[in-house]
Amino acid sequence: MLTDPRISADRFHPGFPHLFRNVASARQMSEQARYSSSLIGRAFAVDGPEHVARKRLVVPDFTVRRVQELRPGVQRVVDDCLDRMLAGDNPTDLVQALSLPVPSQVISELLAVPLEDRPFFLDRTRVMVDHASTVEQRRQANLDVLGKLDALVTAREAEPGEDLLSKLVRRNAEAGTLEHDEVVGMAAFLLISGFETTANMISMGTIGLLENPDQLALLREDPARAAGAVEELLRYFSVSDPAGSRVALEDVAIGGTVIPAGSGVIALAGAANWDERVFPEPERLDITRDARAHLAFGHGAHQCIGLHLARLELEVVFGTLFRRVPTLRLTTPAEDLRYKEHANIYGVFEVPVAW
């Protein structure tokens, strides 16, 4: 399904299945709000040659080799966050101390967001992805983020540097793919998607390892298992199921069922990643299994472009957190965290821990 050209990723198709609560209808939103939302949402939600052209603007900066060059910087960010956490209150909330700051700082550095603007972007993007936010709050956050990024893009157009945003501006000027406003929307998409699911994976992965002390012991015994542990945690939690949302452009038969043209359809990575025909005993967290066939990052043309960066961040986090904080423990039962009413469809919003 994820590679079938008859099934589209165009989220502005009238049959596209939107999963989020509190999404405003066109009648509820101002023209400015609709436009700002479309700029972000449409960044890569297109098909065919248009999608390929857009990816070419950023993919060169997300290859395995380029991402691995970022390892020292990611390690520094993780260590800085842990330094502040260990010097602060005990117990604390891991989400605020580590899960959100790490990927937010990493993507902010890649985009060369000025230091004074980073707290603003972290606050606004948190509102945008928080399903407890109201329509009005999310609308205003969209406008705030795009306003700031518009200024940054304008500055890079006048005087580009070597950061990711400058490279996006430079490549787009050469290719003529996007209008100025679309570049701003793509920058916003990179900012948001660059931290959202990674932040939730840090939270859920930490809970998963603390809930399975035998697996955590294996990781502590051999830190080289961190990369394999990340793949298994991605398989186990599958935090990005909405990425599999599509709409059928014509009648399509899948597994003996006909999906009518214009119907929304969702490829649930969580179901695929727990398919016992591929992963025996899928309900068991096992960091020694070969889980690389998981679909947590999607599949096909619309596979997440930041998958290598996400893997690197998670590997550094889990390879560092339990080494530096060996007595880390949850102060609230995991089931109470995972099923709170305010938990979003990706993960959790708070992880109380002590050490």
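Residues numbered from 1 in each chain as written. Predicted model: local features only at pLDDT ≥ 70, side-chain atom pairs only at ≥ 80, totals over all residues. Heavy atoms only, no water.

Take the nonpolar core next. In a soluble, globular protein the nonpolar side chains are often hidden away together inside. With 85 residues, the main nonpolar core has V58, L98, L149, F318 and F322 as its most contacted residues. Among the elements that line this core, the one with the most residues is helix α15 (residues 307–324), at ten residues. (Core = buried A, V, L, I, M, F, W, Y, C linked by side-chain atoms within 4.5 Å. Buried < 20%, exposed > 50% of the residue type's maximum accessible area, 1.4 Å probe, protein only. Helix = DSSP H or I, 4+ residues; strand = E, 2+ residues; numbered from the N terminus.)

Okay, the pattern of salt bridges next. Per the counting criterion, the structure on display carries 25 salt bridges. The salt bridge involving R324 is made with D83; its shortest N-O contact spans 2.6 Å. Pair noted here: R324 is in helix α15 and D83 is in helix α4 (residues 71–87), with a separation of 241 residues, a long-range link. Overall, the relative accessible area of 39% leaves D83 in the partly exposed class. Residue R124 pairs with D144 through a salt bridge whose shortest N-O separation is 3.0 Å. Linking R124 in helix α7 (residues 118–129) with D144 in helix α8 (residues 135–158), this pair joins segments that are 20 residues apart in sequence. Taking the relative accessible area as the measure of exposure, D144 reaches 23% and is therefore partly exposed. (Salt bridge = Lys/Arg side-chain N within 4 Å of Asp/Glu carboxyl O.)

Moving on, we come to the packing of aromatic side chains. Per the counting criterion, the structure on display carries four aromatic pairs. Ring geometry for Y236 against F237: centres 5.0 Å apart, planes inclined by 85°, an arrangement best described as edge-to-face. Classification of F237 by relative accessible area gives buried; the value is 14%. An angle of 40° between the planes, with centres 5.4 Å apart, marks the rings of Y236 and W274 as tilted. Pair noted here: Y236 is in helix α13 (residues 226–237) and W274 is in the loop between α14 (269–273) and α15, with a separation of 38 residues, a long-range link. Cluster of aromatic residues (ring-pair linked, three or more members): Y236, F237 and W274. Stacked on the ring of F120, the Lys or Arg K148 has its end atom at 5.2 Å from the ring centre. (Phe/Tyr/Trp six-rings, centres within 6.5 Å; stacked < 30°, edge-to-face > 60°. Lys NZ or Arg CZ within 6 Å of the ring centre and 35° of its normal.)

Turning our eyes to something else, we now look at the pairing of strand β3 (residues 245–248). Side chains S245 and V247 of β3 all project onto a buried face; the interleaved residues R246 and A248 project onto the opposite face, where all are buried too. Relative to β3, strand β1 (residues 7–8) runs antiparallel, the two being bridged by two bridges. Pairing of I7 across the sheet is with A248, part of β3. Judged from the three bridges that link them, β3 and strand β6 (residues 264–266) form a sheet pairing that is antiparallel. Counted as the bridge partner of V247 is G264 from β6. (Pairing = 2+ DSSP bridges.)

What follows is about the confidence of the model for the protein chain. Across the protein chain, pLDDT averages 88, with 90% of residues at or above 70. Element-level pLDDT for the protein chain is lowest in helix α1 (residues 31–41), with a mean of 56, against a maximum mean of 98 in α4. This model gives residues 21–30 a pLDDT under 50, and the stretch forms 14 contacts once residues within four places in sequence are excluded. When the criterion is pLDDT under 50, residues 342–346 qualifies, and its contacts beyond four places in sequence or with other chains add up to 20 contacts. (pLDDT = per-residue confidence, 0-100. Contact = heavy atoms within 4.5 Å.)

Moving on to the sheet that holds strand β7 (residues 329–330). The pairing of strands in a sheet comes from backbone hydrogen bonds and takes either a parallel or an antiparallel form. Spatial ordering of the open sheet is given by β2-β8-β7, a layout of three strands whose pairing is antiparallel. In this open sheet, the two strands that pair with only one neighbour each are β2 (92–93) and β7. Looking at chain direction, β7 and strand β8 (residues 352–354) are connected through two bridges and run antiparallel. Within β8, the position partnered with L330 by the bridge is V353.

Here we come to the packing of α4 against α15. If you want to describe how two helices pack, look at the angle between their axes and the distance between the axes. Packing of α4 against α15 leaves a shortest axis separation of 10 Å and a crossing angle of 40°. The orientation of α4 relative to α15 falls into the category oblique. Between α4 and α15 lies a crossing of right-handed hand. On α15, the residues touching R71, V74, Q75, V78, D79, L82, D83 and L86 of α4 are L312, E313, E315, V316, V317, T320, L321, R323 and R324. (Axes fitted to C-alpha atoms, helices over the stretch in contact; angles between N-to-C directions. Parallel < 35°, antiparallel > 145°, perpendicular 65-115°, else oblique. Left-handed = near helix turned anticlockwise from the far one by under 90°.)

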